[in-house]
Amino acid sequence: MNAITIVIGSICILMIAYRLYGTFMAAKVLKLSDETPTPAHEFNDGKDYVPTNKWVTFGHHFAAIAAAGPLVGPILAAQFGYLPSLLWLLIGAVIGGAVHDAVVLFASMRRKGKSLSEVAKEEMGPVAGFCTGLAMLFIITITMAGLSMVVLNALQHNPWGTFSVGMTIPIAIGVGVFYKKTGNLKLTTTVGFILIMVCVFVGPYIEGTALGNLLTLNTKTLAIILPIYAFFAAALPVWLLLAPRDYLSSFMKIGVFIALIIGVFIINPSIKMPALTDFVHGGGPVMAGPVWPFISITIACGAISGFHAFVGSGTTPKMLDRWTDIKVVGFGAMLVECVVGIMALIAATALQPADYFAINSTPEVFKTLGMHVSQLPHLANEIGLGLEGRTGGAVTLAVGMTYIFTKIHWFSHLAPYFFQFVIMFEAVFILTAIDSGTRVARYLIQDFFGEIYKPLKKTDWMPGSIFASAVACLLWGYLLFSGDIGSVWALFGVSNQLMASIGLIVGATVILKIADKKRYMLTCLIPLAYLYVTVNYAGYWMVKNVYLNHAAAGYSLLNGILSIIMLVLGIVIMITAIKKWIELLTSPQVKMEKMSTGNI
């Protein structure tokens, strides 16, 4: 199998899906109309509710949702072979992910940009709202830890990468201030991107210096720094750090993957990983479980992801300028993210299988596989960094992309720069999801505990914002500091897809209320049926075989308890939703809301 065949076929499928299915969702199912103002206009406060240019909002939303998931998930799932990952990415994104993101964004905007827990409360009742809020607090905490774990493994003992990533923070703040004062988007974008590129090329010169030694950090130190950064990102106004950082990183990510697509067309690398490996039945060195249900748990973002529900009911609905922008920002960004996941899969599967497994498993585990590395020592020498045992997926993507481009004869001397640039843009994107996710966690905490102390519900109340941001960072920071990629990522996968199921449940309820035809509800029910069964079986498998199994390497009583609590909450929400659906279906003359967007 050649990579170019996969790329062309995938892009064609996704473009057709956007044109046909995306239009159907926007025009027929959600009935989008610009006749009424969006929450960004209605509640414009200059801080959280800010009407924003469609493409800037797309950049923020895409950067926030397309973090570690589409990069790491397909790479970890490549242990099953390229075929299961490719099929799930395409089918999951079109049938599930794009629909999920659009309906959650719509549902939140319909309820004044409120969080999904508040939306669930208003659409399905207080029990569903409480359980959704509690589940979201658990899930966002686990998600932030899972995403951050990838950054730790990429930046540990890597001063070049740490410097490049760290400098994006003051650059983003400068871009935010400059754009706020001038309104010149093109100039701001150009200057910001040039400064980021300068930092990448300056990086090698700090190695061996006092600054380089200061930035040579271990995972425990990074695990403390990341929550501190997230606290400031969550507490500061959205225009100062979060939005400009997301916007600039979107250009980086799209640009890099366009370059990779061009490279695939020029070089046309062959896929070295077989369509199916011996690990489809379980027992793999990267993920212990079988291909089903773990292909749909390991690959979340890129196909369908519950984390998107946090963004789609957090920052983005407070920024959208027009209702019809939902098609581009909600449905479209998900399909673009699918392309990112496919390119990450190609980068991983273009490596020799032995090289892939050497990077993504510990040296002790790799020895038991009976494999011998091929190109990895040569690549490590060109890049100037040890590559074996750097689990987590981020390094695999950078190595795979560098390997593809080394087929161009003049590229070898640029290999270390390119590798570090890929590491930087991966880390920057993950950080954008971390700061957006922590900000969403802040909203959730304020909503949840605001029932006890009313002033907390005010998002513009500074003491409440600081308190909620600090609590959010402490919660996921603890999991990050005490976990590892194997335990945290599997827990993240199950919790993340449970959140996607909850998003589809809320979406199905909203569609049943506002759609002209009841069967339009199937746009959410079909992916929900598959995902709900999958996530519950995966959670049961992990609890039984790993978390509560003393003989398993990933034994963790805390992870087991968290998994059981989340699965129980999911069952309660599902039962509550079914009761609501029966009520709506049997009393259509009372319950059906035949109103267009903005009239509710």
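Residues numbered from 1 in each chain as written. Predicted model: local features only at pLDDT ≥ 70, side-chain atom pairs only at ≥ 80, totals over all residues. Heavy atoms only, no water.

Some details on the overall build of the protein
At step 1: Scanning the protein for helices and strands turns up 25 helices and zero strands.
At step 2: A globule of 600 residues ought to have a C-alpha radius of gyration of about 25 Å, and the protein, at 23 Å, matches this closely.
At step 3: In terms of overall dimensions, the protein has a C-alpha envelope of 70 × 55 × 45 Å along the principal axes.
At step 4: The buried share of the protein, reckoned over its 600 residues, is 63%.
At step 5: Considering only residue pairs separated by 6 or more positions, the protein has 84% of its internal contacts joining residues 24 or more positions apart. (Helix = DSSP H or I, 4+ residues; strand = E, 2+ residues; numbered from the N terminus. Rg over C-alpha atoms; globule rule 2.2 N^0.38 Å. Buried < 20%, exposed > 50% of the residue type's maximum accessible area, 1.4 Å probe, protein only. Contact = heavy atoms within 4.5 Å.)

Structural notes on the side chain of Thr 132
At step 1: Here Thr 132 is to be found in helix H7 (residues 126-155).
At step 2: With sequence-adjacent residues up to four places away left out, Thr 132 is seen in contact with Leu 116, Ser 117, Ala 120, Ile 502 and Ile 573.

Let's talk about the confidence of the model for the protein
At step 1: Of the residues in the protein, 90% reach a pLDDT of 70 or more, and the chain-wide mean stands at 82.
At step 2: Per-element confidence in the protein is highest for helix H5 (residues 82-110), whose mean pLDDT is 94, and lowest for helix H25 (residues 588-591), whose mean pLDDT is 49.
At step 3: With pLDDT under 50 throughout, residues 594-600 is counted as low confidence; its partners more than four residues away or in other chains account for 20 contacts. (pLDDT = per-residue confidence, 0-100.)

A look at a nonpolar patch on the surface
At step 1: On the surface, a cluster of nonpolar side chains totalling about 630 Å² of accessible area is made up of Leu 83, Leu 87, Ile 91, Ile 95, Leu 276, Leu 522 and Ile 526.
At step 2: Looking at the nonpolar patch, the elements that each hand over two or more residues are H5 and helix H23 (522-547).
At step 3: In terms of residue count, the dominant contributor to the nonpolar patch is H5 (four residues).
At step 4: Inspection of the secondary structure assignment puts Leu 522 in helix H23.
At step 5: Look at Leu 522 and you get partly exposed, because its relative accessible area is 44%. (Patch = residues over 30% accessible without salt bridge, like charges linked within 9 Å, V, L, I, M, F, W, Y side chains within 5 Å. Areas by Shrake-Rupley, 256 points an atom, 1.4 Å probe, with all protein chains shown as cover. Salt bridge = Lys/Arg side-chain N within 4 Å of Asp/Glu carboxyl O.)

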